[in-house]
Amino acid sequence: MIGLPHYLLLGSIVFCIGAFGVLTRRNAVAVLMSVELMLNAVNINFIAANKYIAPDTAVGQLFSVFIIVVAAAEIAVGLALVISIYRQRRSVDLHDFNLLKW
Amino acid sequence: MFNLAAFSLYDAVFILIAGITVTAALGVVLFKNIIYSALSLILAFLGAAAVYFQLNAGFLGVIQILVYAGAISVLIIFAIMLVMNRPAGESNLSSPRTREVFTSATIAAMLLTALVAVIGFTQWPLGGRPGPDNSTGLLAELMLGDYVIAFEAAAILLLVAVVGAIILAKGGENQ
C-alpha cells in the first residue's frame, strides 16, 4: 500500500517545515538546523525515487551521499561563521546582523 | 481507497517512522528552547535514517546515523553552548512580527500544496529491473567508477570546508 508518493509526501512535508523554520527563526543556529532538515528531506526523496523507479542502479543513493557531504561542509562553515559573528556582535539574532544592509 | 486487507507491517512501520520524523521536524522549528530544538533535530535525523533502512539503503542509513546524528548534532550543540547569551527558555524565539510569521507560514503551505499536487498528478515510471537486496556494492562501483571525479571533488570540498571553518572560528590576528 505504501509506495513512492507516500515517501515523496513525507519528504515534502519535512522540506516545508524546514523552509518555515528558515523563514521565521531569529537564532542563526536554528536557521542552520532548519536548512539541515530541508537537505534531509531531499535525501529521502532521492532514495525513495531510486528504490521505486530504478532499483537496479544506485545513482539516487550516490547523489544523497554528495548531498550529505555538502551538508557537512555547509554546517561546519556556517557554525564557524556564526561563532565568528558572535565574537564581534555578542549576538546570534539575525536581526542584529545588519553590517551589509544600507 | 483505504483497504485494510492490504495493510502490512511494512506500512505500519512507515506510518510510525513518518509520524515520528514529522513530529520531530515540527519540534525543531517550534520549540522555544534551542536545546530542545537540537535534541528534536537528532530525533528527526534518526527518523530519516530509519526511512533509509526501510528503502533498502542500509549504507546511507549508517552514514546518516554516523554523520548527522553523531557528528553534526554534536557540532550544533557545541555551537549552541558557545553562543548562548540569553536564558535557554527564550533562546529560539520566532520572529517578533506576526505578519512575517504569517507570510512565512503561507509560503510554506503554498509550497507544500504545489508539491503535493505535483506528486499526485505525475505518472511515476514505477518498476524497472529489480536490484540486489543490498545496494552498497552498486553504490561503491558508481562512486569509484563513473562518478570518481565528483567523488574526488567532494573530498576536496570537505578538506577546504574544514580548513575554512578552522580559520573562521579561530578569528583574525587583530582580536
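Keep in mind that this is a model prediction, so the values were computed, not measured.

Looking only at helices and strands, chain B has six helices and zero strands in total. Starting at the N terminus and ending at the C terminus, chain B contains elements arranged as α-α-α-α-α-α. Here the C-alpha radius of gyration of chain B, 21 Å, is well above what a compact globule of 175 residues would show, namely 16 Å. For chain B, the residues scored as buried account for 25% of the 175 residues in total. Long-range contacts, defined as pairs at least 24 residues apart, comprise 54% of the intrachain contacts of chain B with a sequence gap of at least 6.

Before going further, it helps to examine helix α5 (residues 136-143) of chain B. Along α5 of chain B, the residues that are buried comprise Leu138, Leu139 and Leu142 of chain B. What you see down the axis of α5 of chain B is that its buried residues fit within an arc of 100°, all on one side. Contacts made by the buried residues of α5 of chain B are with α3 (59-89) of chain A together with α3 (58-82) of chain B.

So, about the nonpolar core. Among the nonpolar cores identified, the biggest contains 70 residues, and Val29, Met33, Leu37 and Leu79 of chain A are the most heavily contacted of them. Of all the secondary-structure elements, those providing two or more residues to this core are α1 (4-24), α2 (28-53) and α3 of chain A together with α1 (9-30), α2 (34-54), α3, α5 and α6 (148-170) of chain B. Here this core takes 14 residues from α2 of chain A, the largest share from any one element. Apart from the residues lying within four places of it in its own chain, the contact partners of leucine 37 of chain A are Val14, Ile17, Gly18 and Gly21 of chain A together with Ala25, Val28 and Ala44 of chain B.

Before going further, it helps to examine the domain arrangement of chain B. All names here are of chain B. Segmenting chain B into domains produces domain 1 (6-103) and domain 2 (133-175). Placing the centre of domain 1 and that of domain 2 at their C-alpha centroids yields a distance of 23 Å. Opposite the four residues of domain 1 that make contact, domain 2 presents five residues. A breakdown of the residues in the side of domain 1 that touches domain 2 according to their chemical character gives two nonpolar, two polar and no charged.

Here we take up unusual backbone geometry. For arginine 90 of chain A, which is not glycine, the phi torsion reads 55° and is therefore positive. Among the secondary structure elements, arginine 90 of chain A is positioned in the segment after α3. Judged by local crowding, arginine 90 of chain A falls into the exposed class, with 10 C-beta atoms found within 10 Å. Located in the positive-phi region is asparagine 56 of chain B, a residue other than glycine, with phi close to 65°. Its location among the elements puts asparagine 56 of chain B in the loop between α2 and α3. We classify asparagine 56 of chain B as buried; it has 21 C-beta atoms within 10 Å.

The subject of this paragraph is the interface of chain B and chain A. Residue-level contacts link 76 residues of chain B with 65 residues of chain A. At the level of secondary structure, the elements contributing two or more residues to the side of chain B that touches chain A comprise α1, α2, α3, α4 (98-121), α5 and α6 of chain B. Here the side of chain B that touches chain A is composed, by residue class, of 58 nonpolar, 15 polar and three charged.

Turning next to the packing of α1 of chain A against α2 of chain A. Residue and element names in this part refer to chain A. It is at 8 Å that the axes of α1 and α2 come closest, and there the two elements cross at 165°. In terms of orientation, α1 and α2 fall into the roughly antiparallel class. The chirality of how α1 crosses α2 is left-handed. When its residues are assigned to classes, the contact of α1 with α2 shows 20 nonpolar, six polar and no charged.

What counts as what
- Residues numbered from 1 in each chain as written.
- Chains lettered and ligands numbered in written order.
- Predicted model: local features only at pLDDT ≥ 70, side-chain atom pairs only at ≥ 80, totals over all residues.
- Helix = DSSP H or I, 4+ residues; strand = E, 2+ residues; numbered from the N terminus.
- Rg over C-alpha atoms; globule rule 2.2 N^0.38 Å.
- Buried ≥ 20, exposed ≤ 12 C-beta atoms within 10 Å, placed from the backbone.
- Contact = placed C-beta atoms within 7 Å.
- Arc of directions from axis to C-beta.
- Core = buried A, V, L, I, M, F, W, Y, C linked by C-beta atoms within 7 Å.
- Domains from an automatic or database assignment.
- Nonpolar A, V, L, I, M, F, W, Y, C, P; charged D, E, K, R; others polar.
- Axes fitted to C-alpha atoms, helices over the stretch in contact; angles between N-to-C directions.
- Parallel < 35°, antiparallel > 145°, perpendicular 65-115°, else oblique.
- Left-handed = near helix turned anticlockwise from the far one by under 90°.

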